[in-house]
Amino acid sequence: MKSVIGFLSNVGMAPQVHIRGGECLNPEEEQEWQRAQRRVLLYLHMLDIPAVETLDLALEALRRARDKNSLVETSPTAGAMRAIHSLLIERGYYSDSETPCFGLTMRLWRFPESPDKKEIRAMPTLNRGFMLPRRR
Amino acid sequence: MPESSNKTSEIPAKKKDPLRNWERHAKLRRFVLVAILLSSTYAGGYYIADILPGRGNTTLESAIVAVFAILFAWISIGFWEAMAGLFNLVRPFDRFNITRAGPLKVSLDGTEGRTAILMPICNEDVDRVFAGLAATYQSLEGTGQVEQFDFFVLSDSSDPDRWVEEEIAWAETCRSLNSHNHLFYRHRRVNLKRKSGNIADFCRRWGRSYKYMIVMDADSLISGETLVRMVCLMSQHPKTGIIQTVPHPVNRETLVARLQQFSSRLYGPMFNAGLHFMQLGDSHFWGHNAIIRVEPFMEHCGLPELPGKPPRGGYIMSHDFVEAAFMRRGGWEVWFAYELEGSYEEIPPTLLDELKREQRWCSGNIQHIRLLFMRGLFLAHRALFLQGVLSYVASPLWVSFLCLSTAEAITEVFRSPVYFPEGYALFPQWPTWYTQWAHALLYATSIILFTPKLLSMLLVVFRKGHGKSFGGLLRLFFSMIFEVLFAVLFAPVRMLFHTKFVLFSLFGRTVEWIPQKRLDHETGWFDALRFHGFGTFLGLLWGFMLFFYNEAFFWWNIPIIMPLILSVPLSVLTSRGSVGRFFRKLGLFLIPEELETPPVLKLLQKHLEKISESLSRTNLTSKGGFVLAVVDPLINALHRSFLPKERKLLPEIRERRNRLVEKALSNGPQGLNPKEKREILSDPFSMRRLHVQVWETSDKKLSEMWGL
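Residues numbered from 1 in each chain as written. Chains lettered and ligands numbered in written order. Predicted model: local features only at pLDDT ≥ 70, side-chain atom pairs only at ≥ 80, totals over all residues. Heavy atoms only, no water.

**Quick look at the interface of chain B and chain A**
So, point 1. Contacts between chain B and chain A engage 64 residues on the former and 48 residues on the latter.
So, point 2. Here chain B meets chain A over a buried area of about 5,100 Å², counting both sides, of which 59% is carbon and sulfur.
So, point 3. For chain B, the biggest contributors to the area lost against chain A are Leu634(B), Trp695(B) and Glu696(B); these three give 14% of the whole.
So, point 4. Where chain B meets chain A, there are one salt bridge.
So, point 5. Across the pair Glu696(B) and Arg82(A) runs a salt bridge whose closest N-O atoms are separated by 3.1 Å.
So, point 6. Our enumeration of links across chain B and chain A arrives at 14 residue pairs in polar contact (both at pLDDT 80 or more).
So, point 7. Element by element, the count of residues in the side of chain B that touches chain A is highest for helix α23 (residues 633-642) of chain B, at nine residues.
So, point 8. Residue composition of the side of chain B that touches chain A, by class: 33 nonpolar, 15 polar and 16 charged. (Contact = heavy atoms within 4.5 Å. Buried area = accessible area lost by both parts, 1.4 Å probe. Salt bridge = Lys/Arg side-chain N within 4 Å of Asp/Glu carboxyl O. Polar contact = N/O pair within 3.5 Å; in protein donor to acceptor, adjacent residues only side chain to side chain. Helix = DSSP H or I, 4+ residues; strand = E, 2+ residues; numbered from the N terminus. Nonpolar A, V, L, I, M, F, W, Y, C, P; charged D, E, K, R; others polar.)

Written as structure tokens, this is what we have:
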């Protein structure tokens, strides 16, 4: 994971998000917010979302987490992750349901679209039949 | 035709078929084989009785003669089958060769119906499974007929990590081949009846959508052209229910596996042609690398559960022979395409792996004793069951023969000779040991065992142009000599293990189902000692006893005693890839596929390299599939999308699963056992909850445990 963050920082992609608009944070709090920032960036990196979109989403997620954080007592990491989940669902990247739509998942997996625009499936439609042992 | 076939399944009307009247020919051929077998067995038995000091008149000697007669008949079957194969191969035309009967159509026009290619797997090496599948898919694409086929990976994997890795490999393979909606994946939670149950489950769910199915093993590989050809053959022979191809063993580096590859490639064609000569449309099914007509399979090949406990009762373990017998009982023919090329498999890399597989097969074959008298089966298939049983029971018979002859040899030392066995007589009857007769019997047995090998070599030399496909005439000759030598060395070791397996099966000891090791790996000295220690001890004890009491007999048995004593180093050294490669460098045990690699094998190699690269997309990969499914958002989404839609669970089940999630969150993935991991993996709600909570945690230790 460190290598991912390191890579993002090296190429100047790791954004330094200023929390609470210039308000001074104690070192512990600052560390917590930095962890939240790293976690969000890592999550988006693992989702393979384009770089610019990643930064936009991360910034928005941290902003939302900050706003919520002032109202509800929760860790910055949890707040940021919750925010990023809802953001991803809002922008159609992700599904909120327990069993997400297969087609949506395949979009995440960058599956090329089928030429006949058919829905991508892991298994074909059931066509049930019987197979029973013959009575002895 | 049996009654059931007239009830529901429709056998197509008889038309002028080159395979017509095969039953009449089969009957005649089998009658001749049985006559030859009986006469040669009688001669062998009569001969050994004359060699023995008491002319076979004592109880001990009668037992020796009886056991020898059965064994002589057993080895004679192989010999005469090989001779039939030789006759079949040297004559200009075999009317019943299914690959040549009828027009050689090599393209499908879409009217044949769709074909499903099934790969049932259970905790197999994921890379190899999907590389093989991808190679087969691409080879099929090359024929332009891929639209007529669908691929199914039917997983029975119980290992939670493998389950997730299979899903990832499926997605990666679909993406790289652009094969979505043609390559499907299904994981079965309850592995009822293992492989046969897995196939039956496919038939019940999707069987009606397909006219044919081609069953592959996890290590199978079939070229696209062969797949198309198999479908065409089924289409040309509408009375055929199953066509079995010959899977050629390939891709192995260890010496023991290379020996098997070589012998199968050199001697296989003659024995296979012989099998076909005798069986014709009553052939066997090996469970993979075969095409099956789905509708009659579903109608006739449902396997019953045998009364009693495993291994003698319960579900049928060696299902393939039984399915072929049931297909015939249903009125459908089963053919062996012994000359169809392009069908491959990989064999166990070490002797120990081979023996573990043999234990499963032995247990399954012994179970067939219970099916010998099942109603409605054809005599040919009952004979096949018996042959399968004998292939393992022959070993305890060999052991009995050795024990009896040792007892005879030792008794001979202590027994005072009887010069006048019939009371008063003018001349004494001197005890005589006809060494020259014993030699003659030894030569006769050697001829029966080794002539087919020699003839196979000559066949290759004359048919395929000086054995070039095996590295040249000289190399072929020396390879054969060494192969025979190693076969002699391995025979007593295999005999001892087969005897153990037969006894285990008969006394009801169940066999643990360990997935076959399909990748090259080596046997360690400790493992070898654990497995072969008893054989070594037995060899030493037996050798010492014989040497002490009857030295002459000891020298007669040295080819059996020495391999047993040397079984540990033999097993270790022949499992070494380096030893195998050394022989390859010398040009020994080469097979045609090593000298000219078929395109589908090249594709396999290419995909193997590619898959291992693609799986390393994050450093979580080393943590295993379960962690990947929990942590990696893409894989979590993929896994959840495979699961059935959310159902309302009983409160106690939901509570149990919630407790498991809590346990995973407090103890990390190491705190869960495989069963608990499987339960979490099978519940979409728990998977989502765990994924969210692992990412939301700010606990440093917990984050590390999950690889964050």
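**Things to note about the confidence of the model for chain A**
Close inspection of predicted coordinates is inappropriate in any region flagged by low pLDDT.
So, point 1. Here chain A averages 76 in pLDDT, and 71% of its residues register 70 or above.
So, point 2. When mean pLDDT is taken per element in chain A, helix α4 (residues 76-90) of chain A scores highest with 90 and helix α1 (residues 2-10) of chain A scores lowest with 45. (pLDDT = per-residue confidence, 0-100.)

**What about the pattern of salt bridges?**
Residues and elements named next belong to chain B.
So, point 1. Taken as a whole and assessed by the stated rule, the structure comprises 35 salt bridges over all chains.
So, point 2. Note that Arg 30 and Asp 282 form a salt bridge whose closest N and O atoms lie 3.0 Å from each other. Of this pair, Arg 30 sits in helix α2 (residues 22-51) while Asp 282 sits in the loop between α8 (255-279) and β8 (290-293); the two residues are 252 residues apart in sequence, bridging distant segments of the chain.
So, point 3. A relative accessible area of 4% places Asp 282 in the buried class.
So, point 4. By sharing partners, the salt bridges in this structure join Glu 253, Arg 258, Arg 581, Arg 584 and Glu 594 into a single network. (Buried < 20%, exposed > 50% of the residue type's maximum accessible area, 1.4 Å probe, protein only.)

**Some points on a nonpolar patch on the surface**
All names here are of chain B.
So, point 1. Taken together, the side chains of Val 413, Phe 414, Phe 534, Phe 537, Leu 538, Leu 541, Phe 544, Met 545, Phe 548 and Tyr 549 present a nonpolar region at the surface, about 1,100 Å² in accessible area.
So, point 2. Sorting the residues of the nonpolar patch by element identifies α12 (379-414) and α15 (525-549) as the ones contributing at least two each.
So, point 3. The leading source of residues in the nonpolar patch is α15, at eight residues.
So, point 4. Classification of Leu 541 by relative accessible area gives partly exposed; the value is 42%. (Patch = residues over 30% accessible without salt bridge, like charges linked within 9 Å, V, L, I, M, F, W, Y side chains within 5 Å. Areas by Shrake-Rupley, 256 points an atom, 1.4 Å probe, with all protein chains shown as cover.)

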